[in-house]
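Close look at the chain arrangement
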Amino acid sequence: MDNKAMAKSYKKLLSNNKKWVVKQLKANPDYFEELAKGQSPEYLWIGCSDSRVPANEITGTRPGEMFVHRNIANMVVHSDMNLLSVLSYGIEVLKVKHVIVCGHYGCGGVLAAMGNKQYGLIDNWLRDIKDVYRLHQEELDAIKDETQKGRRFVELNVMEQVFDLTKSSIIQNAWNKNQPLHVHGWVYDIHDGIIKDLDVTYTGTEDIHKIFQYTS
Ligand code: CO
């Protein structure tokens with residue numbers, strides 16, 4: 001790509017933006033004024049950075065409706081200040097009602113963690129996913145078809161991230177204060193656009209193993 005093509009490629013976004021503003025204002029002249037007043041989203045989305053899984057678009061939500069955190073392979077890592085800050089702000093200040101971990105079939109991060117190839121720095125990020133494999137090795141090893149194994153691994157990874165969320169003091173403190181808060185696990189299928197609810201919803205501390213339960 002030469003410099004001219006490079007400039008065109010990014011300037012396209014800015015001209016798209018102008019068109020989008022015109023369209024929004026046509027539908028509602030006060031649209032931006034209303035949004036500027038503040039946000040009170042009901043949902044916190046923890047998804048993969050993959051460009052094919054745009055949180056708002058696939059859920060039919062509009063600006064202001066969803067607080068979003070995305071990283072490679074939709075991981076909940078307890079030492080990740082970014083995730084913890086989003087979680088804390090989303091729950092304690094915005095008071096979201098639902099936290100949704102949404103993985104996706106064909107996730108490059110999860111599939112990389114299923115193999116033994118080195119990818120560089122990212123291997124450190126993906127290492128927690130290998131722990132998911134170790135925890136569910138019996139089930140995964142029994143699946144001979146590699147595609148099916150990959151799909152199940154994606155699901156199990158989401159379930160473990162949901163579980164990891166419930167272990168956090170941020171979520172448990174909200175439950176202990178009787179704040180309405182449900183934590184869900186979903187998987188998006190990039191082949192047909194359908195989101196599958198894994199039915200691993202947690203609604204309170206009583207749902208989790210005793211050793212992880214904090215007293216308030
Ligand atoms: Co992914």
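Please read all numbers here as calculations on a predicted model, not as lab measurements.

1. With respect to the overall build of the chain
Across its full length, the chain holds nine helices and five strands. Along the chain direction, N to C, the helices and strands of the chain fall in the order α-α-β-α-β-α-β-α-α-α-α-α-β-β. Each of the three principal axes of the chain carries a C-alpha extent, and together these read 55 × 50 × 30 Å. Buried positions account for 39% of the 216 residues belonging to the chain. Considering the chain, the positive charge centre built from 26 side chains and the negative charge centre built from 27 side chains are found 8 Å apart.

2. Considering the pairing of strand β1 (residues 43–48)
Burial analysis of β1 places five of its six residues in the buried class, the great majority of the element. One ladder, built from six bridges, connects β1 with strand β2 (residues 66–71); its direction is parallel. If you follow glycine 47 over to β2, its bridge partner there is arginine 70.

3. Considering the environment of serine 88
Positionally, serine 88 belongs in helix α4 (residues 81–93). For the pair serine 88 and serine 169, spaced 81 residues apart in sequence, the C-alpha separation works out to 9.6 Å.

4. Some points on the pattern of salt bridges
In this structure the tally under the stated criterion is eight salt bridges. In this structure, arginine 152 and glutamate 155 form a salt bridge, with 2.7 Å as the shortest nitrogen-oxygen distance. With arginine 152 and glutamate 155 both in helix α8 (residues 146–166) and three residues apart, the pair spans about one turn of that helix. Residue class for glutamate 155 comes out buried when judged on its relative accessible area of 8%.

5. Quick word on unusual backbone geometry
Look at asparagine 74: it is not a glycine, yet its phi comes out positive at around 45 degrees. Within the secondary structure layout, asparagine 74 lies in the loop between β2 and α4. Given a relative accessible area of 2%, asparagine 74 falls into the buried group.

6. Thoughts on the coordination of the cobalt ion
For the cobalt ion, the full set of protein donor atoms is Cys48 (SG), His104 (NE2) and Cys107 (SG), at a range of 2.0 to 2.3 Å. Read in sequence order, the donor residues for the cobalt ion give the motif C-x55-H-x2-C. Taking relative accessible area as the criterion, histidine 104 reaches 0% and is therefore assigned buried.

7. Quick notes on the domain arrangement of the chain
Looking at the chain, the domain boundaries give domain 1 (1–37) and domain 2 (40–212). For domain 1 and domain 2, the distance between their C-alpha centroids amounts to 31 Å.

8. Description of the packing of aromatic side chains
Evaluated as defined, the whole model comprises seven aromatic pairs. With a centroid separation of 5.3 Å and 85 degrees between ring planes, the pair formed by tyrosine 133 and phenylalanine 153 is classed as edge-to-face. Taken together, the residues tyrosine 133 in helix α6 (residues 122–135) and phenylalanine 153 in helix α8 connect sequence positions 20 residues apart. Through pairs of rings, three or more aromatic residues link up here, namely Trp20, Tyr31 and Phe32. In this structure, arginine 151 packs its charged tip against the face of tyrosine 105, placed 3.8 Å from the ring centre. When the ring centre of phenylalanine 163 is taken as reference, the NZ or CZ atom of lysine 167 above it lies at 4.6 Å.

Basis of the calculations
Residues numbered from 1 in each chain as written. Predicted model: local features only at pLDDT ≥ 70, side-chain atom pairs only at ≥ 80, totals over all residues. Heavy atoms only, no water. Helix = DSSP H or I, 4+ residues; strand = E, 2+ residues; numbered from the N terminus. Buried < 20%, exposed > 50% of the residue type's maximum accessible area, 1.4 Å probe, protein only. Lys, Arg positive; Asp, Glu negative; His and termini not counted. Charge placed at Lys NZ, Arg CZ, Asp CG, Glu CD. Pairing = 2+ DSSP bridges. Salt bridge = Lys/Arg side-chain N within 4 Å of Asp/Glu carboxyl O. Donors = N, O, S within 2.8 Å, 3.2 Å for Na, K, Ca; no water. Domains from an automatic or database assignment. Phe/Tyr/Trp six-rings, centres within 6.5 Å; stacked < 30°, edge-to-face > 60°. Lys NZ or Arg CZ within 6 Å of the ring centre and 35° of its normal.

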